[in-house]
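# Reading the structure
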Amino acid sequence: MVEVLKSTFEDYLPLIERSIKSADFIAIDTEFTGLVKSAKERTNLFDTSEERYQKLKKSMSQFTISQLGISTFKRQDKNSYSATTFNFYLYPSSFGPVDVRFLVQASSLQFLCKYDFDFNKFVYEGIPYLNKPQQKAMKNHLHSKALFQAKDRSNDIDERVLQALCFQVAEWLVKTEDDQQAILEVTDEEVPELRFVKSFIVRTELRQRFKNVWINVIEGEQRIIQISKRDEKDINSDTTKEDMDKLYESLKGFSRVFKMLKGGVPIIGHNMFLDLLLIYDKFHKPLPDTFEAFKTEIQAILPVIFDTKHICNSARNEHFRDSGLLENSSLQMLYQSLSSLAGQQFVIDTPSVVHTSDRYKDESRPHEAGFDAYMSGFVFLRLSHMLTFLNVNSTDVRPCPFRRYRTEMAPYKNKINIIRGNVNHVCLDGPDPPSFRPELLYVQSKHQSHDLHLMQLLKWFSRHGTVDVQITDSQRALVAASNYRCSKEILKAFQNHKMITVTKYNKWKHSPVIRRYLWAGAILSGGACVLALLSSRKKD
């Protein structure tokens, strides 16, 4: 595993690009600062795909990615793949017009703490990023030079630190007036506060104040600012533009890696709906208004996506119900099951995976984004092999190129798992599937004096399985059950209940809106009949 931080990002960028460009497929995973913005955005079994998107859109636009993992898989020989994994700490850009505000959910931070997440690296060494609107605003800001205008000098310029540096340079110029070869070196260690001032600002500010000096900044573990004397005519004016371009690229940060992912290389994730929403919002553009618009746009960026949780759930129900390998669809349990001896021998000639880093060879690092990305890719490769040779005699199984796996896995392409919703997955490249959930149940109090209470209903019904309850008024409620067995058990258990009646929901009988329309229609029809009768009597 390669840990990539702000201080090492530029050094590792060529390796990252080579790994992505040469990969047969790429697995990703994210860790983030929260899940639910408020109680209104909590997901439930009533959610349609559009409703789920709208809820998550409100939440994911307010949280941020704290860590992102990329694991690239490349076929090495006829039956072996190498995996190269990068673990990125991310932190949003703060410069000029871009100063991101994000929410933090206490339970999410506690979860990260449980798995030894390094919050210091997140804040101090997180790689910045910008989506397209932010990139445009940043570019306009840099070219306007508003940063160095007295009326617009912002928080990005620490006046006290710059004044101290300028005083040091002025003093040095006086002392070395007769020595044209003199060089002044200032390090972050000598002026600790200087490490928080961007090199572009240091160079531009010094050049504006001292016309006949040359400033060179050597980046490294310890930044060194070198100042030497030059005639003004010898100073290349293009260096300011170069500095500006370097600053702009550094602020774009991880967005440059995201751009490398665009194209036809399959992107793999596990239960990745939230991951897709986050990477779209943070690195591309703010999430669109509708789910259909999101599907169209994410397909234009990432046209081939596989969700291993959806593959596992579908394949288990269709093909591997009795194998015991896919009983638990959580990522860690899947990885353990498929990397076990039974998992390797389920279909012969299972391709091996050799990780280029020792970190993941000997230890498990669940919920480290890099390791979760690696596990997702590993699981995808094993599932691809199992499904490709599902109906092939063992004597005919042969190592095969990745393109065959990709062809055989086409039925699972662009289908993303949905947890606890009206549908169990969505299709990014077409219409979503019909709901396979049982019909809603309708609950009504038998006594006018007995009001329905959410917690009491949940206590009664959850004994029979996973349910969600919506109170429509004090006397009525709707229940969504996760499966038909649960629904049948609730109907049977409450058939003769003293306090409530439970029946299958019928919108013609139970929807208050439709009932109002029916009553209105009946009243209008009745009124029309009365008018017709009176009219006929007058004629008589």
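As the structure is a prediction and not an experimental result, all values here were calculated from the model.

Bringing the overall build of the protein chain into the picture now. Broken down by element type, the protein chain carries 21 helices and 18 strands. Scaling as 2.2 N^0.38, a compact globule of 540 residues should have a C-alpha radius of gyration of about 24 Å, whereas the protein chain reaches 31 Å, well beyond that. For the protein chain, the spread of C-alpha atoms along the principal axes amounts to about 120 × 80 × 45 Å. Once local pairs closer than 6 in sequence are excluded, the contacts in the protein chain between residues at least 24 apart make up 71%. Entry remark: accessible area of the protein chain is about 27800 Å², with carbon and sulfur atoms responsible for 51%. For the protein chain, the distance from the average site of its 74 positive side-chain charges to the average site of its 65 negative ones is 11 Å.

Quick look at a nonpolar patch on the surface now. A cluster of nonpolar residues, Leu 454, Met 455 and Ile 471, forms a patch on the protein surface that exposes about 280 Å² of accessible area. Along the chain, Met 455 turns up in helix H18 (residues 454-461). Looking at Met 455, the relative accessible area reads 62%, which means it is exposed.

Glancing now at the pattern of salt bridges. Applying the stated criterion across every chain yields a total of 15 salt bridges. Within this structure, Glu 10, Glu 249, Lys 252 and Arg 256 form a network of salt bridges that share partners.

Now for the sheet that holds strand E15 (residues 441-445). Here four strands make up an open sheet; going across it, the order is E16-E17-E15-E18 and the pairing antiparallel. The sheet terminates laterally at strand E16 (467-473) and strand E18 (500-504), the two strands that pair on one side only. Looking at each pair of strands side by side, their axes are set apart by 25° on average, direction ignored. With five bridges connecting them, E15 and E18 associate as antiparallel partners. Bridge assignment links Ser 445 to a residue of E18, and that residue is Ile 500. On the sheet, H18 packs against E15, E16, strand E17 (476-481) and E18 and is oriented at approximately 145° with respect to E16. Lying on the sheet, helix H19 (residues 484-493) is in contact with E15, E16, E17 and E18; it crosses E18 at an angle near 140°.

Time to look at the packing of aromatic side chains. Under the counting rule described, the total for this entry stands at 33 aromatic pairs. Plain terms: the ring middles of Phe 117 and Phe 119 are 4.9 Å apart, the flat faces sit at 70° to each other, and that makes the pair edge-to-face. On the basis of relative accessibility, which here comes to 10%, the residue Phe 117 falls in the buried class. A residue is classified by how much of its surface remains accessible, and Phe 119, at 27% relative accessible area, is partly exposed. With 6.3 Å between their ring centres and 50° between their planes, Tyr 374 and Phe 378 make a pair best called tilted. On the criterion of helical spacing, the pair formed by Tyr 374 and Phe 378 is a turn pair, its members being four residues apart in helix H16 (residues 369-388).

The next point concerns the environment of Ser 93. In this structure, Ser 93 sits in the loop between strand E4 (80-89) and strand E5 (94-95). For Ser 93 and Leu 251, which are 158 residues apart along the polypeptide, the C-alpha to C-alpha distance reads 6.3 Å. Beyond its immediate chain neighbours, meaning those up to four positions away, Ser 93 contacts Val 98, Asp 99, Val 100, Pro 128, Tyr 129, Leu 130 and Leu 251. A distance of 3.2 Å separates the side chain of Ser 93 from the backbone oxygen of Tyr 129, its partner in a polar contact. Within the local environment of Ser 93, its side chain forms a polar contact with the backbone oxygen of Leu 251, the two atoms lying 3.0 Å apart.

Attention now goes to the side chain of Asn 87. Among the structural elements, Asn 87 can be located in strand E4. With relative accessibility at 0%, the residue Asn 87 sits in the buried group. If we skip the residues at most four places from it in the chain, Asn 87 touches Met 1, Val 2, Glu 3, Val 4, Gln 67, Leu 68, Glu 368, Ala 369 and Gly 370.

This part is about unusual backbone geometry. Phi at Asn 271 is positive, roughly 50°, even though this residue is not glycine. Overall, the relative accessible area of 25% leaves Asn 271 in the partly exposed class. Residues other than glycine seldom take positive phi values, yet Arg 420 does so here, at roughly 50°. One can find Arg 420 in the loop between strand E13 (415-417) and strand E14 (425-427).

Attention now moves to the pairing of strand E12 (residues 352-355). The side-chain alternation of E12 yields one buried face, formed by Val 353 and His 355, and one unburied face, formed by Ser 352 and Val 354. The pairing of E4 with E12 spans four bridges and is parallel. By the bridge assignment for E12, Ser 80 is matched with Ser 352.

An α-helical turn contains 3.6 residues, so a residue and the one three or four places further along point in the same direction. Extensive coverage of helix H12 (residues 308-318) is indicated by the burial of nine of its 11 residues. What H12 keeps buried is the set Thr 308, Lys 309, His 310, Ile 311, Cys 312, Asn 313, Ser 314, Ala 315 and Arg 316. Packed against the buried residues of H12 are strand E10 (267-269), strand E11 (305-307), helix H13 (331-339), H16, E13 and E14. The backbone nitrogen of Lys 309 has a side-chain oxygen 3.0 Å away, supplied by the residue at the start of H12, namely Asp 307.

Another point: the packing of H12 against H16. Between H12 and H16, the least distance of the axes is 10 Å, while the angle of their chain directions is 35°. Here H12 runs over H16; the crossing is left-handed. In this structure, H12 contributes Thr 308, Ile 311, Cys 312 and Ala 315 to the contact, and H16 contributes Ser 376, Val 379, Phe 380, Leu 383 and Leu 387. Class assignment of the residues belonging to the contact of H12 with H16 gives a composition of seven nonpolar, two polar and no charged.

Below, the discussion takes up the sheet that holds strand E7 (residues 183-187). Reading across from one edge, E7-E9-E8 is the order of the three strands in this open sheet, with antiparallel pairing throughout. Each edge of the open sheet carries a strand with a single partner, namely E7 and strand E8 (213-218). Each adjacent strand pair in this sheet contributes to an overall mean axis angle of 20°, direction not counted. Of the strand pairs in this sheet, E8 and strand E9 (residues 224-229) are connected by six bridges, and their pairing is antiparallel. Counterpart to Trp 214 in the pairing with E9 is Ser 228. Contacting E7, E8 and E9, helix H6 (residues 159-175) crosses the sheet at an angle of about 155° to E7.

So, about the nonpolar core. Membership of the largest hydrophobic core comes to 48 residues, with the highest contact counts inside it found for Phe 88, Phe 254 and Phe 294. Among the elements that make up this core, the one with the highest residue count is helix H10 (residues 273-283) (eight residues). Discounting chain neighbours no more than four positions away, the residues touching Phe 254 are Phe 9, Leu 68, Ile 70, Phe 88, Leu 90, Ile 127, Pro 128, Tyr 129 and Phe 283.

Cut-offs used in this document
- Residues numbered from 1 in each chain as written.
- Predicted model: local features only at pLDDT ≥ 70, side-chain atom pairs only at ≥ 80, totals over all residues.
- Heavy atoms only, no water.
- Helix = DSSP H or I, 4+ residues; strand = E, 2+ residues; numbered from the N terminus.
- Rg over C-alpha atoms; globule rule 2.2 N^0.38 Å.
- Contact = heavy atoms within 4.5 Å.
- Areas by Shrake-Rupley, 256 points an atom, 1.4 Å probe, with all protein chains shown as cover.
- Lys, Arg positive; Asp, Glu negative; His and termini not counted.
- Charge placed at Lys NZ, Arg CZ, Asp CG, Glu CD.
- Patch = residues over 30% accessible without salt bridge, like charges linked within 9 Å, V, L, I, M, F, W, Y side chains within 5 Å.
- Salt bridge = Lys/Arg side-chain N within 4 Å of Asp/Glu carboxyl O.
- Buried < 20%, exposed > 50% of the residue type's maximum accessible area, 1.4 Å probe, protein only.
- Pairing = 2+ DSSP bridges.
- Axes fitted to C-alpha atoms, helices over the stretch in contact; angles between N-to-C directions.
- Phe/Tyr/Trp six-rings, centres within 6.5 Å; stacked < 30°, edge-to-face > 60°.
- Polar contact = N/O pair within 3.5 Å; in protein donor to acceptor, adjacent residues only side chain to side chain.
- Left-handed = near helix turned anticlockwise from the far one by under 90°.
- Nonpolar A, V, L, I, M, F, W, Y, C, P; charged D, E, K, R; others polar.
- Core = buried A, V, L, I, M, F, W, Y, C linked by side-chain atoms within 4.5 Å.

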